[in-house]
Structures are given as structure tokens and as C-alpha cells.
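Breakdown of the fold
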Amino acid sequence: MTVATMLSEIETIGADRSRGGHSRPGYSRVDRELREWFVAHAQRRGLDVQRDRNGIVWAWWRPAGATGPAIVTGSHLDSVPGGGAYDGPLGVASALVAFDELRAEESALERPVAIGVFPEEEGSRFGVACLGSRLLSGAIARDRALALRDGEGDSFADVARRDGLDPELVGRDDAQLSQIGAFVELHVEQGRGLVDLDRPVAIASSILGHGRWRVVVQGQGNHAGTTLMGDRRDPLVAAAAMILAIRDLARATPDARATVGRIEPTPGGTNVIASAVSFWIDLRHPDDLVTAELVARTRDLVASLAAAEGCRATMHEESLSPTVDFDGGLRARLRSALPTAPELGTGAGHDAGVLAARIPTAMLFVRNPTGVSHSPDELVEDADAEAGAAALARVWGALARVPRSAPITGADLE
Ligand code: HGY
Ligand code: MN
Ligand code: MN
């Protein structure tokens, strides 16, 4: 089976006719359908499937004689609103295709292998990026996670319970992590690096530090027609000034990226001056100290521009991930398995970036001719998808054949 054929099986699940693309929130009915698709493929291959306390689905294969922590690959199946078809699912489909190839080498494998499917990687439902891998690794406290609320006001505790999990059990799971020797995630490239290099597959070098902050601006709701301009305290006007100022701040800071893609006025009437506005800032920079400096300057901007409109504002951190440089020894092993693959950094966050704090992780990127992501325009040509799965099989097999007496990160190879 090819990667393209696999992905065609799920293309209608979570299809979003109004936005285009797919909207696949974590821990949702759509997410469950996608999980069931994966589980069926994994069980058809004789993999031992389990869903852990955090909702991560694992499919294990322990060939005779292969013992110790597993070499794991995988990715996520959830999406941003109106997302593309490849961000996440490409890594899961490629893992299944790569497994079909790996199984032929069963006798040579020294280590077990597994595929992991991580929920809520995009954080589109509860606001925290990579919620599943953060819970597993202990990067988010259980109580904070359980109290998170989605756009409907449902708590993660209630949603997790409805999705078959026990809220009292979610959280850091060292026993589960101890079963993983290394994690290698394959992902569509979210940029044009491979297009410019004219190569199908790259090895990841680093992930840009990134965070999300929610700004709430409070003003005075009133009538659009009876309120003179000089009498207004309009939070939407203050928010507009803040969004432009944050854009200018990022433009003036080399390598910084700032985005406001989501804004929610209350009450949101055409003939109503809003009483309050929420908007979310996504800020990213390679240097965590610069990110912190940008956040501090943004807080000052928000306060002063709110005051200029007679409004008040708060700014609350929802998610923060440091810049990650992937494990050098593991990258060396990937380089020896894929000697012609270039190394590229990325500005996009991934579960492999979160797990890097606890276990050796690495990533492979597959060429995206449009370079566009978090959009229906995201694309991977079928031939490149197959090249990605073949590269993953090579890397996965090389790592699973490393003798158990040798360190998996191959520090000696650096
Ligand atoms: O937002 C990101 O960087 C990733 O796509 N979750
Ligand atoms: Mn992704
Ligand atoms: Mn994404």
C-alpha cells in the first residue's frame, strides 16, 4: 500500500466545507474516527495496540529476541482549523508503510519498534501545543491540563472522560517513556527548504522556540449609532492597534515571527461596540532570551495601547516551548542511514520537540512543493511521500538493528 492510498482513505474525515481543508480537533469524534482508522491498519499488521492514560495510541511490535526500549516513529492526526491533508497524517501513514518494509527484516532487529499517534498536537482545541506529549513527558501539570477549556467551555477533564480516559490518571508517565529508546517523527516540511535544495527528504536540525499568549481587552460595550466617537472605549480598536504594533515589533527583530490568527469580540454584533475582545499571539524566535524580551515588550505595548483607548488589558501565557536542537548522536545515525539528505531547521513545533526533553528524538521532513502549511494548499507529491516512507524505513531499521550493547544515540558517531 502506498502513502497516498492510505491518506486517501481518511480524506473525508473532518473535511471542512466552509473553511476548506480539514478541521480535526483533538479528543473529538473526528479524532476518534481517525484513531480507529489507524488502529485497524495496525491490527491488520499484527501490531499490539494500546491507548495510554493520556490518549496516545501505541502500536508495538516485539520480534523474537528484540528486547529493551523500542525505536518509535509516528506523529499526530489532529489538525488546525482548515488545515492541510499532510501535517500529521503524513507521518502516521508513512510509519505504517515503513513498517511493511521493516517487517521483512524481522530477524535482524535487535530492538522492538512501535508507532505512536499523539493527540491534540496542534493545541487547536485546548490552546496548548502538543498536549498529549506534554502530558506524557510531564511538561504540563495534570491539574493545569484538566482545567483547560475548549471554545465551548468544556474542560479537558470532561472531554477526556467522554473520550474514554480517566482524568485522575492523565499526566506524566515515566513507565511509558521508559519503553521508548528513541523517537523519530516524519513530517511534511512546512517551508520551501527542500524545494530550493531539490531534494525529497531532509533530516531536522532544530525547532524554533515558540509560545502562545491570550490577550483580553476590556472596554465599554455600547450602541454603534448613539455613541459619539469621543465617548467610546472600544476594545476592538485597541486590539487592532496592538496587532499592528506586535507585527511591527517582530518585523524589527531579525528571525522573529509574530502572528495573530484568531480574534473573538464579545458580543460580536455588527451594530454593537464590543465590550471585550480576546485575541491570541503566536510568537517565535530561535533565541529563547529574545523571545522573553519580545514578550516583555509586547506586554508593555498591550498595556499602553489599551490605556490610549480607555480600556484595560491582560496577557496570559497559554503555551511555551524552548528552541530544540535535536540529539547530535541520533542525527549522526540518521546521516549515516541517509547520507544524501540535507539538514534543515524548522519554525514549526512538533511532539518530537516536546519529547526531546526526556528521550532522544529526531525528525525527517518530506518536500512540500508549495511550502505552505496550516492551509489546504499544503502538498506532498506521491513520489516524495514514497521517498519519505522509504527513508523512514531505512532509518527505523538502522536504529532497530543497533546492538543493545551500543548506545542508540551513537554519540561516538558525532
Ligand atoms: O504550530 C506549530 O508550529 C505546529 O504546527 N503545531
Ligand atoms: Mn504537525
Ligand atoms: Mn501543524
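Since we're looking at a predicted model, the values are computed, not measured.

**Overview of the domain arrangement of the protein chain**
Parsing the protein chain into structural domains produces domain 1 (3–208 + 323–400) and domain 2 (212–321). Look at where the C-alpha atoms of domain 1 and domain 2 centre, and you get two points 33 Å apart. On the domain 2 side, the residues contacting the twelve residues of domain 1 number twelve residues. Contact between domain 1 and domain 2 buries roughly 960 Å² in total, counting both sides, with carbon and sulfur atoms accounting for 32%. Put simply, domain 1 and domain 2 have zero salt bridges between them.

**Side note on empty space enclosed by the protein**
Over the atoms rolls a probe the size of a water molecule, and in doing so it shows where empty space is left. In the structure shown here, the tally under the stated rule is one cavity of 30 Å³ or more. Within this model, the largest cavity holds a volume of roughly 40 Å³. Considering the residues around the largest cavity, the lining is formed by Asp 31, Arg 35, Gly 55, Leu 77, Asp 78, Val 117, Phe 118 and Pro 119. Elements with a minimum of two residues in the lining of the largest cavity: α2 (29–44) and β4 (113–118). When its residues are assigned to classes, the lining of the largest cavity shows four nonpolar, one polar and three charged.

**Thoughts on the nonpolar core**
Within the largest apolar cluster, 56 residues are counted, with the highest numbers of intra-cluster contacts made by Trp 37, Phe 38, Leu 90, Leu 334 and Leu 364. What Leu 364 contacts, discounting residues up to four positions off in sequence, is Val 184, Glu 185, Leu 186, His 187, Val 201, Ala 202, Ile 203, Leu 334, Leu 338, Ala 391, Leu 392 and Val 395.

**Some details on the coordination of the manganese ion (ligand 2)**
Taken together, His 76 (NE2), Asp 87 (OD) and His 187 (NE2) make up the full set of protein donors to the manganese ion (ligand 2), lying 2.1 to 2.2 Å away. Read N to C, the donor residues that coordinate the manganese ion (ligand 2) are spaced as H-x10-D-x99-H. A separation of 3.5 Å is found between the manganese ion (ligand 2) and the manganese ion (ligand 3), which share Asp 87 as a coordinating residue. Separated by 111 residues along the polypeptide, His 76 in strand β3 (residues 70–76) and His 187 in strand β5 (residues 180–188) bring together distant segments of the chain. For the pair His 76 and His 187, a shared accessibility class is recorded, and that class is buried.

**A short note on the environment of Pro 119**
If you trace the backbone, Pro 119 turns up in the loop between β4 and α4 (131–137). In the structure, Pro 119 is positioned 42 residues away from Leu 77 in sequence and 7.1 Å away in space, judged by C-alpha atoms. Contact partners of Pro 119, with chain neighbours within four places excluded, come to Tyr 27, Asp 31, Asn 54, Gly 55, Ile 56, Asp 78, Leu 131 and Gly 132.

The rules behind the values
- Throughout this document, residue positions are counted from 1 along each chain, in the order its sequence is written.
- Here the convention is simple: chains get letters from A, ligands get numbers from 1, in the order in which they are written.
- Confidence filtering applies because this is a predicted model: local features only for residues at pLDDT of at least 70, side-chain atom pairs given and counted only at 80 or more, and all residues used for totals across whole chains, interfaces and linings.
- As a convention, hydrogens and water are excluded, and side-chain values are obtained from all of the structure's heavy atoms.
- In this entry, domain limits derive from an automatic or database-based domain assignment.
- We call two residues in contact whenever any of their non-hydrogen atoms come within 4.5 Å of each other.
- By definition, the buried area sums, over both parts, the 1.4 Å-probe accessible area that each loses when the two are put together.
- When a carboxyl oxygen of Asp or Glu lies within 4 Å of a side-chain nitrogen of Lys or Arg, that pair is called a salt bridge.
- Here a cavity denotes grid points, spaced 1 Å and computed from the protein atoms alone, that fit a 1.4 Å probe unable to get out, and a pocket denotes an open set having protein on both sides within 12 Å along at least 5 of 7 lines; residues with an atom within 4 Å of a point are the lining.
- Grid points are joined across faces, edges and corners, and a volume is the space filled by probe spheres set on the points.
- Helix numbering and strand numbering both begin at the N terminus, where a helix is a DSSP run of H or I of at least 4 residues and a strand a DSSP run of E of at least 2.
- Classes in brief: Ala, Val, Leu, Ile, Met, Phe, Trp, Tyr, Cys and Pro nonpolar; Asp, Glu, Lys and Arg charged; the others, Gly included, polar.
- Put simply, buried Ala, Val, Leu, Ile, Met, Phe, Trp, Tyr and Cys residues joined by side-chain atoms within 4.5 Å make one nonpolar core.
- Under the scheme applied here, a residue whose accessible area is under 20% of the maximum for its type counts as buried, over 50% as exposed, and between as partly exposed, the area being computed with a 1.4 Å probe on protein chains only.
- Donor atoms are limited to N, O and S found within 2.8 Å of the metal ion, a distance that becomes 3.2 Å for Na, K and Ca. With water left out, some sites might look partial.

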